[in-house]
Amino acid sequence: MFAPAPANGSQNGPATSMATRSRRRQRPLSSDNSLQQPKSKRLRSDRPQVTEQTFVEPATAPETFEVKAAQPVAEIKQDGVDRPMAVPRRELSVRSKKSRPGDRLHKGDGSILLSTNTGFDVKKLPALPDGLKLDAASRQHGYVNSTTGAALSISHTHAVVWPYAAVLASPEAFTFTLPYPSKHSTDPLPLGSLVSPSASSTEPGLVIVMPTTGKITYWESIASATTLDFIRQRRTGLEDSIPGMYSGERVLELVNLEAAAGFVLAFTSGRIAYMSVRDAQGRPKISVQFLRTSLGPSNSGIFGSIRNVLSHSSPQGDIAAVRADRSSKQGECTVVAATSKGRISSWRIHRGGHHDVLAELDARSSLVEAVQNADPTSRELATDSFKIVDFCFVPKGMSSKYTDMSQLRASPAVENEQHILLLTSLDYKDTCRYNLVEVVISNDPQSEAQVEVGMVRTISSFSTPPNPHALARPRLYLPKPAVIAFLVFDHATVVASIAQPPESPDSQIMQDNHTLPAAFEDVVGISDDSDLEIIGSGLEEPQINDLDDDVRPVRIKTKNPTVVLLVRGAGTMRVAVYDYPRFASTSPPKITAKTKLEQAVFFGTKEDNPLRFDLQHNIRFTNEEYGKAALELSEQILTSSGPHLSSLAPKLENNIKERVDYLGKMMAHMKKIGVDLDRKTKWQLLWDAEKMQVASTLWRKHELFLRMPHTESKNIVAETVEFIRSEERSKPDPSKGETDQLRHWFVHDVHRMELFIAWAYEVIKYHSRAKLDMVSLTRLVYEASEVYNSTIRAAFSFRESHLELYGLADEKLDHGILEGSYAGLPMPWTANRFIVNNMKRQVELDTQWLKDDVASLTAEQIELNEKTRQILPEMTAIYLSTLQELTRWDLASGESRLVEEGQRFQEVYEQDRHDKVVLLYQSENWEAAIKLAEIHRSLPALAEVLTRRIDSFRDAVSAPGLSPGQIAAIEAKMTEKEDKVRECFATYGEEFAFPFYQYLFETYGVDALLEYDGDKTYKTMYLRTKPELAKISWINDIVGEEDIDHAANTLLDLGLAREQQIWNKKIELSLGKLARMAESSRPSSKASMSVQEVVVNGVTEDARVNAIDKELAVINIQNEFYDTQIRPLISVALDETEELGLVKEAFTLRHPKRYKIVHQIFEDGMKRLLKHEALDPLTLIDLLTLVTLPAETRDGVVDQFFLALKVASNGLHDAERVQAERLIWRRCFLREDWTAINETTSKDDATTLDVLGVTDLFQIYCTLYANGKKMTVKNAYPSRSMANAEAEQGKQEKTEFRRLMPSAVLGVYTETLDRRFTNMEKGYREKVVEAMRWEDALLRKFMEKHRLAEWAKETQKLAEQAVDEQFDNATENGSVTSLVKSLPLKRARAKLLEGPSGRNGTH
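Residues numbered from 1 in each chain as written. Predicted model: local features only at pLDDT ≥ 70, side-chain atom pairs only at ≥ 80, totals over all residues. Heavy atoms only, no water.

A closer look at the overall build of the chain
Here is step 1 of the chain: The secondary structure content of the chain amounts to 42 helices and 33 strands.
Here is step 2 of the chain: Across the 1403 residues that make up the chain, the buried fraction comes to 53%.
Here is step 3 of the chain: For the chain, restricting intrachain contacts to residue pairs at least 6 apart in sequence, the fraction spanning at least 24 positions comes to 68%.
Here is step 4 of the chain: Of the roughly 64,300 Å² of accessible surface on the chain, a fraction of 50% belongs to carbon and sulfur atoms. (Helix = DSSP H or I, 4+ residues; strand = E, 2+ residues; numbered from the N terminus. Buried < 20%, exposed > 50% of the residue type's maximum accessible area, 1.4 Å probe, protein only. Contact = heavy atoms within 4.5 Å. Areas by Shrake-Rupley, 256 points an atom, 1.4 Å probe, with all protein chains shown as cover.)

What follows is the structure in structure tokens.
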């Protein structure tokens, strides 16, 4: 059953089988099935040889060779397997160019750098056959052989060999048409390998194995195969089949055994076979024999199967990999096979297929235990998912100089051990946990530890499971000196360091604390494009053989470990580590967030880059790390200081655009990978990008200025760079050819853009002082305005359009500046104080510059001024925005100094948004001024500009010489602006209306305000909300609104609360009272009211009128006091300053001089009285109670204390009135010297009574009692004329005044003062209280020691008796009416000793 199967469809005849296994080397079979090669001389001279020179760029065009099969299979299409288009062939030159020793293949190799970091480079090699370029999407796989310098790609129908390191984009390639193509497109791809050159050739051969049919095709030399095709030989190569293949069995892997001159075939059944393509004499011959082991029975002799030897749990076996050691002995080779479940077998195979079983063991448990011990994460994963993915042999033949660099143990010097490195995995859902595991296998079955596990290195950066549909299986490479391992998957390559850092005290401490830094590790990702896939790979390694004498030459020489990738759809890529000793140093390379950003920014922007940089895999950094890295990278881009940025910019605009793109790519990349930067970092990065965008705008303006006709002077851009201080810019190095200072600034100093913008005005100021000619100065003014306007506007525009990209979509901007809080943010560069300040000065300069008389300007100046005039509105808007931005940032800073500065800037903004907008009308920018006022909501400016514009139209209409059409056009424009005013009333309401009326009133007066008929609602609101305009408001109420009631309220409110002048106050109150009475008497006002409403309104009206009457009563008292006491005194004064002196001289106070505060209160009140101010009741009471009236004017006024009581009654209420009355009585009691009055020794009654009769206390008692008697007489003797004449006074005399005794007035204002002193300083209040306490103490003294209480009672009795006697005498004489009229207008006089009864007073 294990007999070889016949060769179906083979043109070779029956296949040769080996029934027995001879101890002697078998003679080669007939060579009928092999092709005779041409003689070696002809081969050397007549065919192209693949030598080192092959990889040097030839002088002729690349050539492609195609080798066809004998039968016409190229024209057959089987089950969807497409044949690629034939590549045009060219004739070969017979003689090839000899190679020159020392040609270096890596020098100027034409490769393209795809990515780089601190540890390795990724480059795309230029060489790729045209056929593969045209057929990039087909299923194919291959491998790379650095020994021969060739790459192999195999599809279902063709095999292509080419020198992968050639410098040509289309290198010389050899295309072989497979004689037995796959029948189905889903079949496994053919397996192939390059064969070491034979003794008679320098070119490798090629062997192809069909996995499902076992067909084998061998070309001894790729070049000779091409030559044979040219001479039209019948066959393309040696063909045969694998004998004894099972049904459904297929070849899994083809491994080249260079040392054993053969190959190893691995089958899906778990069997392993040795295949040779040459006989003992080196002639082409294919032979296959299966290897045997002692673990399983042999059922077919020497071709027996070890079907289940390598199988652990799978019935068919699952070989993970078969690898051959790079043996230094010719003729033998060690082969190790491993299953995915951990079963490992090894053989030593000799030339011809002789082999010895070295070891067969199950290492699964040891491997799982080691992995779990070294990797805690793996302990949480199911052990059933453990697999061996791939493995490789650890390099040998190196001294300790190199082995000490690696964590791996030095390879054994003896041949009884196999030193391998496994790639293992543990699965969890859709992820894999990969580990590199070092294993040493002993050949001694008696050994206690046949499997020794060494280093376990976890792969933390990659966790994607292997793709079961991938065209190539995952591969592990460990090139010399075993410092770097490469893990190649279908769409990713992992570069992992297994270097051993040198021992040091620090490293020992970190090792003890388990804090050793992670070893270098990174992933090279391939795009997920369906056409892109890694289909083959191979390693390149430095030639390190210091312990190995047998050094085999290799075609590709390198100094560092490298892996070469065949990427379908992209070409050949080389991942090369550079300076590998660094990995074992104290400062090994590290992958940082900045490294990943640099890769994405500088290489991810290339459209044809097959690498993918937006997959983080498991290489993750914190948001803070990304933020810091982004800021550093942004700074480097702005300063062109990174290794990927050029300092030479022949076309500067492209250089700037490229850097702008870099910044955008950086943000897009971080957004794509989900980096969440903090707000501060986002804004800083956006501001950096703005500077680059502004640099682009600035350079375009520079080139525009260069094209303008001008004198020899430099433009503003070039001038500004020279004016910036040397310490604020980088200096060009002339020794390096850096001579263009301007370009150097744009390349290296864009990060200082705020300084450049600010300096533009300083350049003009300098040249103005230097007396530059006016034409050049005018040009600089225009250019500076253009710079300010275009750059900041470009920054704001960029900011608004890129908020989402920078993760700031939630932020709200108001014309380019942030509406929200600036808290925690650095100062925006556009809000730089120097920019804001100099832009303001530039706006003012432009405004002033445009005032020049046009007649004195040249044509060029007129043109430049016109451009400046057009720019001015936009620049004004930009200035206001930057000022507002600076203000908001200052106020949000939280620093007291900056907050105060922000408050000042806020005031400047409020002022300038009005003034700078209004000034635009001077440059005839009317429409722009209106628009700008609305943008910044400067409604006072809007009102002013609109009003001025309407006035300008009125002036224009009145100009002489206008045609009717011109007048109509002007009037139409004027009507348009008037409509705009009404529209503003409707849109902005009182925010616009009030400034509008304010400007109208201040500019054109009361008449213009009252006569404006475009609006009534807001005009009335404006007047009514302006207390200072109440005198105009009541006129508008009557004339415009016909609202007499509100007019009365306005007048009364003005008179009662705000009017300071006594005369005005009396008039306003009187007019208000009159208006109130007129409104209440109108029939129309009562017609719609019910009886109840009429009654209620009547009562309310009476209360209002009563309040007015009381206020008028106080005013009358003040006027009476002024007219009778003050006016006579000051009538002789020469001026106002002399009046106060006369009054102070006439009116003396009884308080001691030490109580200056009382004198000050009296003096302040008197000053106001002299100025005719309306005094408040408490101040008037102070004047009336403190003053001592002169004898010559005393009789001209009713008793001063009675007047004070009337002021308190009419002007004060409740507790305040009570306290004021107590003060009045206390001061009345203190007017007399009760010590002298109480001393009656040697005094008769008449004398005593005369003394009492002239006291102020006697007078007030008389006045109060007479006031009461007067009301009694009026009721007894009613008179119509009296009722009419004294109706007004009668209302006020209804008040009953209290008579207080001394004990009732003690303590008033000795603790708390009246409301006038509430907001006074504490010291001031304390002085007043001290004076009040002096009054209180004096009163208490009079009471306790001089019987004041008894004297007061007796004085009241005597006063009442005197008044009664006067009324009695008047009754007898019939003159009661005249007496009533005279009371209490005159001071009561009575001789207490005289009377009808002749009574004497008692005391």
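Digging into the sheet that holds strand 13 (residues 262-267)
Here is step 1 of the chain: The sheet built from 4 strands is open, its strands ordered 12-13-14-15 with antiparallel pairing. Each edge of the open sheet is held by one strand with a lone partner, namely strand 12 (251-257) and strand 15 (284-290). The sheet shows a mean angle of 20 degrees between the axes of neighbouring strands, direction not considered.
Here is step 2 of the chain: Examined bridge by bridge, strand 13 and strand 14 (residues 272-278) share 4 bridges and lie antiparallel to one another. Pairing of Val264 across the sheet is with Tyr274, part of strand 14. (Pairing = 2+ DSSP bridges. Axes fitted to C-alpha atoms, helices over the stretch in contact; angles between N-to-C directions.)

Focus on the pattern of salt bridges
Here is step 1 of the chain: The tally for this structure, following the rule as stated, stands at 72 salt bridges.
Here is step 2 of the chain: Here Arg799 ties to Glu885 by a salt bridge, and the two come within 2.9 Å at their closest N and O atoms. On the criterion of sequence distance, the pair formed by Arg799 in helix 14 (residues 774-801) and Glu885 in helix 16 (residues 859-892) is long-range, its members being 86 residues apart.
Here is step 3 of the chain: On the accessibility criterion, Glu885 (1% relative accessible area) is buried.
Here is step 4 of the chain: Linked by salt bridges that have partners in common, Asp1182, Arg1226, Arg1227, Asp1314, Arg1316, Glu1335, Asp1336 and Arg1340 make up one network. (Salt bridge = Lys/Arg side-chain N within 4 Å of Asp/Glu carboxyl O.)

As for the packing of helix 10 (residues 679-707) against helix 13 (residues 753-769)
Any two packed helices are characterised by how steeply their axes cross, that is the angle between the axes, and by the distance between the axes.
Here is step 1 of the chain: Taken N-terminus to C-terminus, the directions of helix 10 and helix 13 make an angle of 40 degrees; their axes are 10 Å apart at the nearest point. Judged on the interaxial angle alone, helix 13 and helix 10 are oblique. Contacts from Lys691, Val694, Ala695 and Leu698 of helix 10 reach helix 13 at Met753, Glu754 and Phe756.
Here is step 2 of the chain: Looking at the contact of helix 10 with helix 13, its residues break down into 5 nonpolar, no polar and 2 charged. (Parallel < 35°, antiparallel > 145°, perpendicular 65-115°, else oblique. Nonpolar A, V, L, I, M, F, W, Y, C, P; charged D, E, K, R; others polar.)

Re the sheet that holds strand 9 (residues 205-209)
Here is step 1 of the chain: Spatially, the 4 strands line up as an open sheet ordered 8-9-10-11, and their pairing is antiparallel. The open sheet has two edge strands, strand 8 (191-195) and strand 11 (238-241), and neither has a second partner. When strand polarity is set aside, the average angle formed by the axes of neighbouring strands in this sheet is 15 degrees.
Here is step 2 of the chain: Bridge analysis of strand 10 (residues 215-219) against strand 11 gives 4 bridges, and the strand direction is antiparallel. Each bridged residue has a counterpart across the sheet, and for Lys215 the counterpart in strand 11 is Ser241.

With respect to the side chain of Glu1173
Here is step 1 of the chain: Structurally, Glu1173 is set in the loop between helix 29 (1156-1170) and helix 30 (1177-1186).
Here is step 2 of the chain: Glu1173 gets classed as buried once you look at its relative accessible area, which sits at 17%.

Some details on unusual backbone geometry
Here is step 1 of the chain: Residue Pro481 follows Lys480 across a cis peptide bond; omega there is 5 degrees.
Here is step 2 of the chain: Along the chain, the position of Pro481 falls in the loop between strand 24 (475-477) and strand 25 (484-488).
Here is step 3 of the chain: Residue Ala482 is not a glycine yet carries a positive backbone phi of 60 degrees.
Here is step 4 of the chain: One non-glycine residue with positive phi stands out, namely Tyr1309, at about 60 degrees.

A closer look at the nonpolar core
Taken as a class, soluble globular proteins show a tendency for nonpolar side chains to be buried jointly.
Here is step 1 of the chain: Grouped together as the largest cluster of nonpolar side chains are 187 residues, with contacts concentrated most on Leu436, Met670, Ile716, Phe746, Met753 and Phe992.
Here is step 2 of the chain: The contact partners of Phe746, leaving out residues within four places of it in the chain, are Leu652, Ile656, Arg659, Ala695, Leu698, Trp699 and Val717.
Here is step 3 of the chain: The next biggest cluster of nonpolar side chains, apart from the first, holds 79 residues, and it includes Tyr1155, Leu1189, Ala1204 and Phe1258. (Core = buried A, V, L, I, M, F, W, Y, C linked by side-chain atoms within 4.5 Å.)

Thoughts on the packing of aromatic side chains
The description of an aromatic ring pair rests on the distance of the ring centres and on the angle between the ring planes.
Here is step 1 of the chain: Enumeration over the complete set of coordinates arrives at 33 aromatic pairs.
Here is step 2 of the chain: Seen in terms of ring centroids, Phe176 and Trp219 are 4.9 Å apart; in terms of plane orientation they differ by 50 degrees. Their pairing is tilted. On the criterion of sequence distance, the pair formed by Phe176 in strand 7 (residues 173-177) and Trp219 in strand 10 is long-range, its members being 43 residues apart.
Here is step 3 of the chain: Accessibility expressed as a relative area gives 0% for Phe176, which makes it buried.
Here is step 4 of the chain: Ring geometry for Phe1202 against Phe1297: centres 5.4 Å apart, planes inclined by 70 degrees, an arrangement best described as edge-to-face. Here the residue Phe1202 occupies a position in helix 32 (residues 1200-1211), and Phe1297 occupies one in the loop between helix 38 (1287-1292) and helix 39 (1302-1305), the gap between them amounting to 95 residues. (Phe/Tyr/Trp six-rings, centres within 6.5 Å; stacked < 30°, edge-to-face > 60°.)

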